[in-house]
Amino acid sequence: DIQMTQSPSLLSASVGDRVTLSCKASQSIYNSLTWYQQKLGEAPKLLIYDANSLQTGIPSRFSGSGSGTDYTLTISNLQPEDVATYFCQKYYSGNTFGAGTKLELK
Amino acid sequence: EVQLVESGGGLVQPGRSLKLSCLASGFTFSNYGMNWIRQAPGKGLEWVASISSSSSYIYYADTVKGRFTISRDNAKNTLYLQMTSLRSEDTALYYCARGNHWFAYWGQGTLVTVSS
């Protein structure tokens, strides 16, 4: 089975910062990766699919990149409303979520 | 507007069964694959099961295979999850979500608590 590892598990940043969240697969997943944002008490929201495609309605400060086994979610100009837990999910060879990165304000 | 509304959760004893439903609206239900995804309290997301638009393809996580059954009724715009032999580790908020690979729409979830 392909394992998904997210890092860091907790990230503290300031408003206006550029933050990067990492998601690593135990073997290549050929860009079959999505990113979700989950705010406290809410259902997850799709941000990025196919590793780098921005979902409709998502602010352009969110971007995805990567290939092979290593993927990154970047939030430029961090806003207070971005405080949330972020999950990656691979859909190559089955669906598996990462454990998440909790993003808080410093 | 796409809406997914889960129901059927509750408190159930270990070893018993429960059936969840997800009523879909705002889109042509029969055109989309559907999924169940769960989240234990304070934990991450775990994909549970998927079903294709015509029920031709069905997949389960190893943790529920042989105990849970996903199904759908396209005439009723409803997705189901029949859960049997429930265990304490099945305690979670169960979401239904639309999509074949990624999940663009989610319901608000229904809570299943397995406890004696």
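To keep things clear, this report deals only with the structure shown in the data block. (Residues numbered from 1 in each chain as written. Chains lettered and ligands numbered in written order. Predicted model: local features only at pLDDT ≥ 70, side-chain atom pairs only at ≥ 80, totals over all residues. Heavy atoms only, no water.)

1. Some details on the interface of chain B and chain A
Often, the extent of an interface is quoted as the loss of accessible area upon association of its parts.
Okay, step 1: Counting residues at the interface gives 16 residues for chain B and 17 residues for chain A.
Okay, step 2: Together, the buried faces of chain B and chain A total about 1400 Å²; carbon and sulfur atoms form 62% of this surface.
Okay, step 3: Applying the counting criterion to the chain B and chain A interface returns zero salt bridges.
Okay, step 4: Elements with a contribution of two residues or more to the side of chain B that touches chain A: strand S4 (34-39) and strand S5 (45-51) of chain B.
Okay, step 5: The element contributing the most residues to the side of chain B that touches chain A is S5 of chain B, with four residues.
Okay, step 6: Partitioning the side of chain B that touches chain A into residue classes produces eight nonpolar, six polar and two charged. (Contact = heavy atoms within 4.5 Å. Buried area = accessible area lost by both parts, 1.4 Å probe. Salt bridge = Lys/Arg side-chain N within 4 Å of Asp/Glu carboxyl O. Helix = DSSP H or I, 4+ residues; strand = E, 2+ residues; numbered from the N terminus. Nonpolar A, V, L, I, M, F, W, Y, C, P; charged D, E, K, R; others polar.)

2. As for the sheet that holds strand S7 (residues 62-67) of chain A
All names here are of chain A.
Okay, step 1: Overall, antiparallel pairing links the four strands, which are arranged S1-S3-S8-S7 in an open sheet. Of all the strands in the sheet, just strand S1 (4-7) and S7 have a single pairing partner and so form its edges. Neighbouring strand axes in the sheet, compared pairwise and without regard to direction, differ in orientation by 20 degrees on average.
Okay, step 2: Across six bridges, the pairing between S7 and strand S8 (residues 70-75) is antiparallel. Bridged to Phe62 within S8 is Ile75. (Pairing = 2+ DSSP bridges. Axes fitted to C-alpha atoms, helices over the stretch in contact; angles between N-to-C directions.)

3. Structural notes on the pairing of strand S4 (residues 33-38) of chain A
In regular strands, side chains alternate between the two faces of the sheet.
Residue and element names in this part refer to chain A.
Okay, step 1: Of all six residues making up S4, six are buried, and the element is well covered by its neighbours.
Okay, step 2: Judged by which residues are buried, S4 turns out to be covered on both faces: Leu33, Trp35 and Gln37 on one side and Thr34, Tyr36 and Gln38 on the other are all buried.
Okay, step 3: As judged from the six bridges shared by S4 and strand S9 (residues 84-90), these two strands associate in the antiparallel manner. From the neighbouring strand, Tyr36 faces S9, where its bridge partner is Phe87.
Okay, step 4: With three bridges joining them, S4 and strand S5 (residues 45-49) adopt antiparallel strand pairing. When the bridges of S5 are listed, Tyr36 appears paired with Leu46. (Buried < 20%, exposed > 50% of the residue type's maximum accessible area, 1.4 Å probe, protein only.)

4. Description of the sheet that holds strand S3 (residues 18-25) of chain B
All names here are of chain B.
Okay, step 1: Taken in spatial order, the four strands of this open sheet run S1-S3-S8-S7, and their pairing is antiparallel. The open sheet has two edge strands, strand S1 (3-7) and strand S7 (68-73), and neither has a second partner. Direction aside, neighbouring strands of the sheet carry axes that sit 15 degrees apart on average.
Okay, step 2: Of the strand pairs in this sheet, S3 and strand S8 (residues 78-83) are connected by six bridges, and their pairing is antiparallel. Bridged to Leu20 within S8 is Leu81.

5. Some thoughts on the side chain of Asn95 of chain A
Okay, step 1: Structurally, the position occupied by Asn95 of chain A is in the loop between S9 and strand S10 (96-97).
Okay, step 2: When its relative accessible area of 16% is taken as the criterion, Asn95 of chain A is described as buried.
Okay, step 3: Filtering out sequence-adjacent residues up to four positions away, Asn95 of chain A remains in contact with Gln89 and Lys90 of chain A together with Trp47, Ser50, His101 and Phe103 of chain B.

6. Some points on the environment of Ser116 of chain B
Residue and element names in this part refer to chain B.
Okay, step 1: As for its position among the elements, Ser116 is in the segment after strand S11 (110-114).
Okay, step 2: Using a relative accessible area of 85% as the deciding quantity, one classes Ser116 as exposed.
Okay, step 3: Taking the C-alpha atoms as reference, Ser116 lies 6.5 Å from Pro14; in sequence the two are 102 residues apart.

7. A look at a nonpolar patch on the surface
Okay, step 1: Together, Val15, Val83 and Leu105 of chain A give the surface a local cluster of nonpolar side chains, amounting to about 220 Å² of exposed area.
Okay, step 2: Structurally, Val15 of chain A can be placed in the loop between strand S2 (10-13) and strand S3 (19-25). (Patch = residues over 30% accessible without salt bridge, like charges linked within 9 Å, V, L, I, M, F, W, Y side chains within 5 Å. Areas by Shrake-Rupley, 256 points an atom, 1.4 Å probe, with all protein chains shown as cover.)

8. Description of the state of the cysteines
Residues and elements named next belong to chain A.
Okay, step 1: The tally for this structure, following the rule as stated, stands at two disulfides over all chains.
Okay, step 2: The side chain of Cys23 participates in a disulfide bridge whose partner is Cys88; the two sulfur atoms lie 2.0 Å from each other. Because the sign of the S-S torsion sets the handedness, a value of about 65 degrees for the bond joining Cys23 and Cys88 places this disulfide among the right-handed ones. Of this pair, Cys23 sits in strand S3 while Cys88 sits in strand S9, placing them 65 residues apart in sequence.
Okay, step 3: Using a relative accessible area of 0% as the deciding quantity, one classes Cys88 as buried. (Disulfide = S-S within 2.5 Å.)

Note that all results are geometric; they support no functional claim without further evidence.
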